Amino acid sequence: QSALTQPASVSGSPGQSITISCTGTSSDFETYNLVSWYQQHPGKAPKLMIYEGTKRPSGVSNRFSGSKSGNTASLTISGLQAEDEADYYCCSSAGPRVFGGGTKLTVL
Amino acid sequence: QVHLQESGPGLVKPSQTLSLTCTVSGGSISSGDYYWSWIRQPPGKGLEWIGYIYYTGSTYYNPSLKSRVTISVDTSKTQFSLRLSSVTAADTAVYYCAREGVTMIVYAFDVWGQGTMVTVSS
């Protein structure tokens, strides 16, 4: 079972791009690209933004993209907008599902 | 459009058993295309996966909670349920039910309930 580490916070100005990292410890995390990313606004349920590391569900803006290299997955948000301010969580489904600790994104 | 709705007591006494039900509407719980999961979030903290059930009744639990968790499914009622025994204050959280894809949008939670707050207190 992989522990997933995310930065506690990131920030950026409107129009800029930011990247949130998610580092896993297990060999399964590194081998299988079964990482998903979720956006959560205060008091709301999480929303799926990226699955299988790089795929976007229908309806999710193409400003959101995912990637993975080795034991680190990343979520990039381009053209930051005020509405992107939220908590973001990565999740690994390579074995028991494990969530990262979450990253608070502040749009300055 | 599939909709998930959690229901159950909002207050549970320490050492007792927490019981919640998730009702699935707008879709079939027996399609075989999904796992049906429970996820929780303590106040001000991150998400924790509890476990899932498949429509056949097979289950997969978080190893850290396995000894206290039971997830069951009632396909006739399109419901699945969570039982968590011997609760303590550490089990106080918002509990979400969620759908995880097996054949489509695989291994990701694409539909979530709104969540229900459960407080463990005497």
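Quick note: structure is the one above.
Parameters and conventions
Residues numbered from 1 in each chain as written. Chains lettered and ligands numbered in written order. Predicted model: local features only at pLDDT ≥ 70, side-chain atom pairs only at ≥ 80, totals over all residues. Heavy atoms only, no water. Helix = DSSP H or I, 4+ residues; strand = E, 2+ residues; numbered from the N terminus. Rg over C-alpha atoms; globule rule 2.2 N^0.38 Å. Buried < 20%, exposed > 50% of the residue type's maximum accessible area, 1.4 Å probe, protein only. Contact = heavy atoms within 4.5 Å. Areas by Shrake-Rupley, 256 points an atom, 1.4 Å probe, with all protein chains shown as cover. Pairing = 2+ DSSP bridges. Axes fitted to C-alpha atoms, helices over the stretch in contact; angles between N-to-C directions.

(A) Quick peek at the overall build of chain A. Helix and strand counts for chain A stand at one helix and 10 strands. Expected size for 108 residues packed as a compact globule is a radius of gyration near 13 Å; at 13 Å, chain A falls within 12% of this value. If you line up chain A on its principal axes, its C-alpha atoms span 35 × 25 × 25 Å. Looking at the 108 residues of chain A, the share that counts as buried comes to 48%. Partitioning the contacts of chain A with sequence separation of at least 6, the portion at a separation of at least 24 is 53%. When the accessible area of chain A is evaluated, it comes to approximately 4600 Å², of which 45% is carbon and sulfur surface.

(B) Examining the sheet that holds strand β7 (residues 69-74) of chain B more closely. All names here are of chain B. Taken together, four strands build an open sheet; the order of strands is β1-β3-β8-β7 and the sheet is antiparallel. Looking at which strands have only one partner, the edges of the open sheet turn out to be β1 (3-7) and β7. Taken pair by pair, the neighbouring strands of this sheet meet at an average axis angle of 20 degrees, ignoring direction. Two elements, β7 and strand β8 (residues 79-84), share six bridges in a ladder whose sense is antiparallel. Residue Val69 lies in a different strand from β8, and its bridge partner there is Leu84.

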